[in-house]
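Summary of the model geometry
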Amino acid sequence: MSSVRGRVPQWKIEAVEELKRMFQEYPVVGIANFRGVPSSQFQSIRREMKKEVRLRVVKNTLLRLALESLGGDFNKLEDYIEDQVVVVASKLNPFKLFKKLEGTKEPSPLKPNQVSPVDVVVEAGPTNFPPGPILGEIQAGGIPAAIEKGKIVVKNTVTVVKAGEIVKPDVARALNLLEIKPIHIGLETKALMENGILFTPGDLAIDEAKVFEDFVEAASRALNLAVNSAYVTEETAEILIQKAFMDAKSLAINAVIFEKEVTGDLISKAYSEMLAVASLIGDEALDDDLRSRIGDVAQVQQVVTEEKEEKEEREEGEKEEEEKSEESAFEGLGALFG
């Protein structure tokens with residue numbers, strides 16, 4: 001007996017129920033687009049992700065029915081059902097899941113008559129091709145190529161396709177020959193949801209390196225604030241003790257407090273001050289020992305001064321040489337361009 005007209009096929013009912021179970025069983029669910037993904041690549045993605053991510057390709061109408069049946073926050077996902085979609089479900093948090101979905105994208109060439117989503121720039125430089133008919137095919141794609149030293153080279157950097165333009169067959173052919181793959185094909189996240197909170201790619205695309213740098217900077221500033229405000233924590237205790245010791249030692253030296261820890265510093269300071277005073281007195285008032293000590297200090301200071309002057313003269317000479325080199329270069333350019 002033939003089926004009654006108007007009755008919903010059983011497979012559709014089962015498909016909707018399966019979708020509802022997915023949305024209810026997994027803490028994170030969402031929708032991704034797989035337009036343009038080759039079948040072999042999609043199957044590879046499914047195999048690689050099956051332990052952590054469940055993928056379910058469904059008709060858009062059935063997906064809408066499942067979301068409408070669930071109601072509540074799930075209705076938010078309906079706005080992202082368009083084109084060819086796959087339902088994703090996982091126990092990973094939305095950010096890790098998004099990163100995993102982004103990792104499915106692979107470099108891909110542009111196809112003839114495809115609308116390019118990006119500007120395609122071909123850089124000037126040599127290719128691996130020897131002279132031959134391939135030169136004409138590259139030139140037919142609008143790429144300024146020539147033969148130099150037995151190799152085909154791109155003479156100038158050129159934009160062969162702009163974003164939004166249709167890719168001409170000759171251009172697609174030339175780009176393929178040069179192995180230029182300007183786009184990435186894979187699962188394109190449309191939206192993910194966790195506990196009723198909707199996340200779009202703009203929310204999920206996080207620069208991990210920048211976030212790490214921000215954390216490091218924040219930790220450094222927090223540590224600096226805690227140390228300067230003498231706020232004792234496990235991280236600042238050792239630093240504060242060291243700082244307190246150095247402050248106490250500095251105070252003891254400047255206040256001339258005779259303690260075991262600063263005796264040597266006080267003697268060194270007194271000796272330096274004595275030599276400074278003795279250097280202001282005429283030689284006739286000093287004994288031989290003092291004159292010798294002052295002479296040694298003066299000799300050391302003279303050596304330090306001479307070394308400093310030599311370093312400054314050397315740096316000045318290097319700077320003059322650089323300036324002369326630059327002037328010669330400019331003169332050469334002037335002669336070249338007349």
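Scroll up to find the structure.
Notes on the structure in this doc start here. What you are looking at is a predicted structure, and each value in this text was computed from that prediction instead of being measured.

A look at the layout of surface pockets
A water-sized probe rolled over the atoms picks out the places where empty space is left. The space that makes up the largest pocket amounts to roughly 260 Å³. In this structure, the largest pocket is lined by 15 residues; those nearest its centre are Gly36, Ser108, Gln114, Ile183 and Ile185. Those elements that provide at least two residues to the lining of the largest pocket are strand 4 (106-108) and strand 10 (183-185). As a volume, the second largest pocket reaches approximately 200 Å³. Forming the boundary of the second largest pocket are 13 residues, of which Pro126, Thr127, Asn128, Phe129 and Leu178 lie nearest the centre. If you list the elements that add at least two residues to the lining of the second largest pocket, you get strand 5 (120-122) and strand 6 (125-126).

Points about the packing of helix 9 (residues 237-254) against helix 10 (residues 263-278)
Viewed as axis vectors pointing N to C, helix 9 and helix 10 meet at an angle of 45°, and their least axial separation amounts to 10 Å. On the basis of the axis angle, helix 9 is oblique to helix 10. Here helix 9 runs over helix 10; the crossing is right-handed. Counting all contacts with helix 9, which are made through Lys249, Ala252, Ile253 and Asn254, the residues of helix 10 involved are Asp265, Leu266 and Lys269. Here the contact of helix 9 with helix 10 is built from residues that sort into three nonpolar, one polar and three charged.

Let's talk about the packing of aromatic side chains
Enumeration over the complete set of coordinates arrives at three aromatic pairs. On the numbers, 5.3 Å between centres and 45° between planes, the contact of Phe34 with Phe42 is tilted. The class for Phe42 is buried, based on a relative accessible area of 6%. Measuring from centroid to centroid gives 5.8 Å for Phe95 and Phe199, while their planes differ by 65°, and the two rings are edge-to-face. Of this pair, Phe95 sits in helix 4 (residues 94-102) while Phe199 sits in strand 12 (residues 197-199), and the two are 104 residues apart along the sequence.

Some thoughts on the pairing of strand 8 (residues 151-154)
Sheet analysis places strand 6 next to strand 8, joined by two bridges and oriented antiparallel. Each residue of the ladder has a partner; that of Gly125, found in strand 8, is Val154. Connecting strand 7 (residues 145-148) to the next strand, strand 8, in antiparallel fashion are two residues, including Lys149 with a positive phi near 50°.

What counts and how
- Here the residue index of a chain counts from 1 through its sequence in written order.
- Only residues with pLDDT of at least 70 get local features here, since the model is predicted, and only at 80 or more are side-chain atom pairs given and counted; chain-wide, interface and lining totals rely on the full set of residues.
- Computation of side-chain values: all heavy atoms of the structure, hydrogens and water removed.
- Using a 1 Å grid laid over the protein atoms alone, points where a 1.4 Å probe fits but cannot get out form a cavity; open sets with protein on both sides within 12 Å along at least 5 of 7 lines form a pocket; any residue with an atom within 4 Å of a point counts as lining.
- Grid points are joined across faces, edges and corners, and a volume is the space filled by probe spheres set on the points.
- Only runs of H or I of at least four residues qualify as helices and only runs of E of at least two qualify as strands under DSSP, and these elements are numbered from the N terminus.
- Fitted lines through C-alpha atoms serve as axes, helices being fitted only where they are in contact, and the angles separating the N-to-C directions of these axes extend from 0 to 180 degrees.
- Note on terminology: angles under 35 degrees are roughly parallel, angles over 145 are roughly antiparallel, angles of 65 to 115 are roughly perpendicular, and the others are oblique.
- Crossing handedness: left-handed means the near helix sits turned counterclockwise from the far one by under a right angle, and right-handed means the same turn made clockwise.
- Note on contacts: a residue pair is in contact if any heavy atoms of the two residues lie within 4.5 Å.
- Residue polarity follows a fixed list, in which Ala, Val, Leu, Ile, Met, Phe, Trp, Tyr, Cys and Pro are nonpolar, Asp, Glu, Lys and Arg are charged, and the others, Gly among them, are polar.
- Here the aromatic set is Phe, Tyr and Trp, taking the six-membered ring for Trp, and pairing holds for ring centres within 6.5 Å; pairs whose planes are under 30 degrees apart are stacked, those over 60 apart are edge-to-face, and all others are tilted.
- Partly exposed residues are those whose accessible area sits between 20% and 50% of the maximum for their type, while under 20% is buried and over 50% is exposed, using a 1.4 Å probe and protein chains only.
- Whether two strands pair comes down to DSSP finding at least two bridges between them.

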